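# Structural characterization, general
Here is what each chain is made of, one letter per residue.
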Amino acid sequence: MSHLRRAYIGLGSNLGEPLLQIGAAWRQLSKLPQTQRVALSQCYQSRPWGDPDQPDYINAVAALDTALPPHELLTELLAIELRQGRERLAGRRNGPRTLDLDLLMYGDEVLHSAGLELPHPRISERPFVLLPLAEIAPGIVIPGIGPISSLLRTDFASLCWPLKHGAVAP
């Protein structure tokens, strides 16, 4: 493979057996061209973000090494979402979903383009991203934001917690 970059992907689901959805997405990530899976965090449970009238979410973060450019990687992630039944409902940005795959970071790239911002614009606000990301990359520095250790807060444990018996099959 040509030049590989480390990308971090947020995985989330609260419909259609979320653990199975995340496991299926993890297996789909192994099929991406020019890409190798590196790590998957344990699964975390969190209350819905922005729209409380829905089930709790199950979230994880995956690390990939990829030669795909960022927009191409995002296109592949959106295709995985669709294959797993993702429906985007107009007017309901933070609504329930079978699968949500967010490109959180792509190396140390900072990008502001139509349809893609890197790092993810709300990465520093979301315990369900920061806790699993810190688990698999404890020393990571988020470009333009700082070390992940400076973003972790003590109240995160009440907002997002490791899922007991929540392992994803490889």
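Throughout what follows, the structure given in this document is the object of discussion. Treat the numbers as computed from the prediction; the structure is a model and nothing was measured. (Residues numbered from 1 in each chain as written. Predicted model: local features only at pLDDT ≥ 70, side-chain atom pairs only at ≥ 80, totals over all residues. Heavy atoms only, no water.)

### Observations regarding the packing of helix α1 (residues 18-29) against helix α2 (residues 70-83)
Following both chains from N to C, one finds α1 and α2 inclined at 140 degrees, their axes separated by 11 Å at the closest point. By the criterion of interaxial angle, the relationship of α1 to α2 is oblique. Classified by chirality, the crossing of α2 by α1 is right-handed. Together, Ala25, Gln28 and Leu29 of α1 and Leu77, Ile80 and Arg83 of α2 make up the contact between the two elements. When its residues are assigned to classes, the contact of α1 with α2 shows four nonpolar, one polar and one charged. (Axes fitted to C-alpha atoms, helices over the stretch in contact; angles between N-to-C directions. Helix = DSSP H or I, 4+ residues; strand = E, 2+ residues; numbered from the N terminus. Parallel < 35°, antiparallel > 145°, perpendicular 65-115°, else oblique. Left-handed = near helix turned anticlockwise from the far one by under 90°. Contact = heavy atoms within 4.5 Å. Nonpolar A, V, L, I, M, F, W, Y, C, P; charged D, E, K, R; others polar.)

### Some points on α2
The first and last C-alpha atoms of α2 sit 20 Å apart over 14 residues, in line with the 20 Å expected at 1.5 Å per residue. Within α2, burial applies to Pro70, Leu73, Leu74, Leu77, Ile80 and Glu81. An end-on view of α2 places all buried positions within 115 degrees of arc, on one side of the element. With respect to the buried face of α2, the exposed residues turned more than 90 degrees away are Thr75, Leu82 and Arg83. Positioned one or two residues after α2, Gly85 has a phi angle of 85 degrees, which is positive. (Expected span 1.5 Å × (residues − 1). Buried < 20%, exposed > 50% of the residue type's maximum accessible area, 1.4 Å probe, protein only. Arc of directions from axis to C-beta.)

### A word on the nonpolar core
The biggest cluster of nonpolar side chains holds 26 residues, and the ones touching the most others in it are Ile9, Leu29, Leu73, Leu77, Ile80, Leu101 and Leu103. Of all elements in the fold, only β1 (5-13), α1, β4 (57-66), α2, β5 (100-106) and β7 (116-118) reach the threshold of two or more residues within this core. Other than its neighbours up to four places away in sequence, Leu101 contacts Ile9, Gly10, Leu11, Ala25, Leu77, Ile80 and Glu81. Tyr44, Leu104, Leu133 and Ile148 belong to the second-largest nonpolar core, a separate cluster that totals 19 residues. (Core = buried A, V, L, I, M, F, W, Y, C linked by side-chain atoms within 4.5 Å.)

### Considering the pairing of β4
Every other side chain in a regular strand lies on the same face of the sheet, so the side chains alternate between the two faces. Within β4, ten of the ten residues are buried, which leaves it mostly tucked inside the rest of the structure. Burial of β4 is two-sided: the residues Tyr57, Asn59, Val61, Ala63 and Asp65 facing one way and the residues Ile58, Ala60, Ala62, Leu64 and Thr66 facing the other way are all buried. Summarising the sheet, β1 and β4 pair through nine bridges and their orientation is antiparallel. In the strand pairing of β4, Leu11 is matched with Ala60. As judged from the five bridges shared by strand β2 (residues 35-40) and β4, these two strands associate in the antiparallel manner. Its bridge partner lying in β4, Ala39 is registered against Ala63. Bridge count for strand β3 (residues 44-46) against β4 is three bridges, and the pairing is antiparallel. (Pairing = 2+ DSSP bridges.)

### Quick look at unusual backbone geometry
Cis geometry marks the peptide bond from Leu118 to Pro119, where omega comes out at -10 degrees. For Pro119, the location among the structural elements is in the loop between β7 and α3 (127-136). Even without a glycine there, the phi angle at Glu17 is positive, about 55 degrees. Assignment of secondary structure puts Glu17 in the loop between β1 and α1. Glu17 gets classed as exposed once you look at its relative accessible area, which sits at 56%.

### Brief notes about the pattern of salt bridges
Charged atoms that come close allow side chains of opposite charge to pair. For the structure shown, the criterion picks out five salt bridges. As a salt-bridge pair, Arg97 and Asp100 come within 3.1 Å of each other at their nearest N and O atoms. Asp100 shares its class with Arg97; the two are buried. Between Arg153 and Asp155 there is a salt bridge whose closest N-O contact spans 3.0 Å. A residue is classified by how much of its surface remains accessible, and Arg153, at 45% relative accessible area, is partly exposed. The network of salt bridges with shared partners includes Arg5, Asp108 and Glu109. (Salt bridge = Lys/Arg side-chain N within 4 Å of Asp/Glu carboxyl O.)

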